[in-house]
Amino acid sequence: MKTVLGVGLIGCGNISSAYLARAKTFANIAFVGVADMNAAAAEERGAEFGLLAMTPEALLAHPDVDIVLNLTPPVAHFTVSKMALEAGKHVYCEKPFVLDVAEGKELMQLAEPRGLRIGSAPDTILGASHQLARHMIDVGAIGTVTSGTCFVMNHGMEEWHPSPDFFFRKGGGPILDLGPYYVANLVQLLGPVARVTAEASMPETSRRIGSGPRIGEVIPVEVATTVQAILTFESGALVTLVASWDVWQHDLAPMALYGSEGSIHIPDPNFFDGLVAATKRREIAALPQWDHPLGPPNRTVSRGDVADYRTAGLADMAQAIVENREHRCNGGLALHVVDILTAILRSSEDKTGIDVSTRCRRPEPLGPEQARRLLQTRQEC
């Protein structure tokens, strides 16, 4: 049996370079080629990383492609993932997995009888900080989690992104764009969500592009840009989630969970690293030594050195296929996250609480030893 699976990438936008740059860090995967509806984009990305540029059709038919990495815009996720499954390929998709639960269920029903896997970002939940928080919760360091707060707020992508249109159209908005990071992390920490209640608003009906060749162009806003939700977990915990692109500045913590014996403060789940802090009742609690390999900085950006291990979820899926185990960023988790996010939006529109129809298992934790195995060289596989 193959121990290194071939990956074909469809969708050569901004995020594709992050995946391709990190791929050689991980075992069990090797990129075969890239594709895009825009042939020039595929040629450019292929040349940048020394990969064959193909049409999407040729990539789907390529015999060395075992997994299709779907990095197309959200509105195309379902169509491209369906084509890949019908071509007999496993699929790993950028977030959000799909835009509604029916689409996700259709993909799951296609994959299962074919023996194919579905995976989806975000894989930041596998980062050192979030796995440390998971460990602290699992060992009962803060007792039973009863409530929590999450805040992801800024003033949107139009200031820096050269083509921000899709952020403000169907499939965009802060809930579907940034919400997956927060909700996926909450589910891996606390388990499934049973019910949501939400309110939303759209204070601005247009945005002005602030960079790139289209600077100054005004684009329409078609989705809610401020959403406030309460998530009721099966465990009984109540978590408030506020997601907004209408905030210039704030000093609220990204994520905090409050338990019967203390509290834990968790860094931004949009990233793999960050400071975790905990209390035992009112006193600062000691954290364990956590030599986790998905935590050390490996990339320098405008805000400094950061840990960027994007592709970890894809690599874990490939390793899981080889080892015949469940992968962590799996289709069941992705579908439940989409169900929660779309239920939040429906609740805000219908002005009523919404029961979440799906359930999933908490993914297995990725401790330091398991993470090291993901980072082994291919010669060691």
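Note: the structure precedes this text.
No experiment lies behind these values; they were computed from the predicted model shown.

Enquirer: Help me get a handle on the overall build of the protein chain, residues and values and all.
Expert: What the protein chain contains, in helices and strands, is eleven helices and 19 strands. Relative to the 2.2 N^0.38 estimate, which gives 21 Å for 381 residues, the radius of gyration of the protein chain is 20 Å and therefore close to what a compact globule would have. Taking the principal axes of the C-alpha coordinates as reference, the protein chain spans close to 55 × 50 × 45 Å. Looking at the 381 residues of the protein chain, the share that counts as buried comes to 56%. Considering only residue pairs separated by 6 or more positions, the protein chain has 73% of its internal contacts joining residues 24 or more positions apart.

Enquirer: Could you give an account of the packing of aromatic side chains, with specific residues and numbers?
Expert: Tallied over the entire structure, the rule returns four aromatic pairs. Residues F167 and W245 carry aromatic rings whose centres are separated by 6.0 Å and whose planes lie at 85 degrees to one another, so their mutual orientation is edge-to-face. Of the two residues, F167 is situated in the loop between strand 7 (145-153) and helix 7 (173-177) and W245 in the loop between strand 12 (238-244) and strand 13 (255-259); the sequence distance between them amounts to 78 residues. For the pair F167 and W245, a shared accessibility class is recorded, and that class is buried.

Enquirer: Describe the sheet that holds strand 19 (residues 354-355), listing the residues and the values that go with them.
Expert: Taking strand neighbours across the sheet as the criterion, the nine strands line up as 16-15-14-13-7-12-11-8-19 in an open arrangement whose pairing is mixed. Every interior strand has two partners, whereas the edge strands, strand 16 (283-284) and strand 19, have only one. Sheet topology places strand 13 next to strand 14 (residues 262-266); four bridges connect them, and they run antiparallel. Note on strand 14: the bridge partner recorded for L257 is I264. Helix 6 (residues 128-138) rests against strand 7, strand 13, strand 14 and strand 15 (277-280) of the sheet, and its axis sits at about 165 degrees to strand 14. With respect to the sheet, helix 10 (residues 331-350) is in contact with strand 8 (193-201), strand 11 (226-233), strand 12 and strand 19, its orientation differing from that of strand 8 by roughly 45 degrees.

Enquirer: So, the side chain of D123: which residues are in play, and what are the values?
Expert: With respect to the helices and strands, D123 occurs in the loop between strand 6 (118-120) and helix 6. R310 is the oppositely charged side chain nearest to the buried, salt-bridge-free D123, at an N-O distance of 5.2 Å. Of the polar contacts made by the side chain of D123, one reaches the backbone nitrogen of T311; its length is 3.0 Å. Beyond its immediate chain neighbours, meaning those up to four positions away, D123 contacts Y92, F272, Y309, R310, T311, A312, G313 and C329.

Enquirer: Which residues make up the packing of helix 5 (residues 101-114) against helix 10, and what values go with them?
Expert: Where helix 5 contacts helix 10, the two axes come as close as 9 Å, and the packing angle between them is 165 degrees. Taken together, the axes of helix 5 and helix 10 lie roughly antiparallel to each other. Crossing angle aside, the handedness with which helix 5 passes helix 10 is left-handed. Residues V101, G104, K105 and M108 of helix 5 lie in contact with helix 10, whose contacting residues are G331, G332, L335, V338, D339 and T342. Of the residues contributing to the contact of helix 5 with helix 10, the split by class is four nonpolar, four polar and two charged.

Enquirer: Give a detailed account of the pairing of strand 1 (residues 5-10), specifying residues and quantitative values.
Expert: Counting buried positions along strand 1 gives six out of six residues, so the element sits mostly inside the fold. Residues L5, V7 and L9 of strand 1 are buried on one face, and the alternating residues G6, G8 and I10, pointing to the opposite face, are buried as well. Sheet analysis places strand 1 next to strand 2 (residues 29-35), joined by six bridges and oriented parallel. Each bridged residue has a counterpart across the sheet, and for G8 the counterpart in strand 2 is G33. Pairing of strand 1 with strand 4 (residues 67-70), which is carried by four bridges, proceeds in the parallel orientation. If you follow I10 over to strand 4, its bridge partner there is N70.

What counts and how
- Residues numbered from 1 in each chain as written.
- Predicted model: local features only at pLDDT ≥ 70, side-chain atom pairs only at ≥ 80, totals over all residues.
- Heavy atoms only, no water.
- Helix = DSSP H or I, 4+ residues; strand = E, 2+ residues; numbered from the N terminus.
- Rg over C-alpha atoms; globule rule 2.2 N^0.38 Å.
- Buried < 20%, exposed > 50% of the residue type's maximum accessible area, 1.4 Å probe, protein only.
- Contact = heavy atoms within 4.5 Å.
- Phe/Tyr/Trp six-rings, centres within 6.5 Å; stacked < 30°, edge-to-face > 60°.
- Pairing = 2+ DSSP bridges.
- Axes fitted to C-alpha atoms, helices over the stretch in contact; angles between N-to-C directions.
- Lys, Arg positive; Asp, Glu negative; His and termini not counted.
- Salt bridge = Lys/Arg side-chain N within 4 Å of Asp/Glu carboxyl O.
- Polar contact = N/O pair within 3.5 Å; in protein donor to acceptor, adjacent residues only side chain to side chain.
- Parallel < 35°, antiparallel > 145°, perpendicular 65-115°, else oblique.
- Left-handed = near helix turned anticlockwise from the far one by under 90°.
- Nonpolar A, V, L, I, M, F, W, Y, C, P; charged D, E, K, R; others polar.

In short, the description is geometric, and any link to function would need to be established separately.
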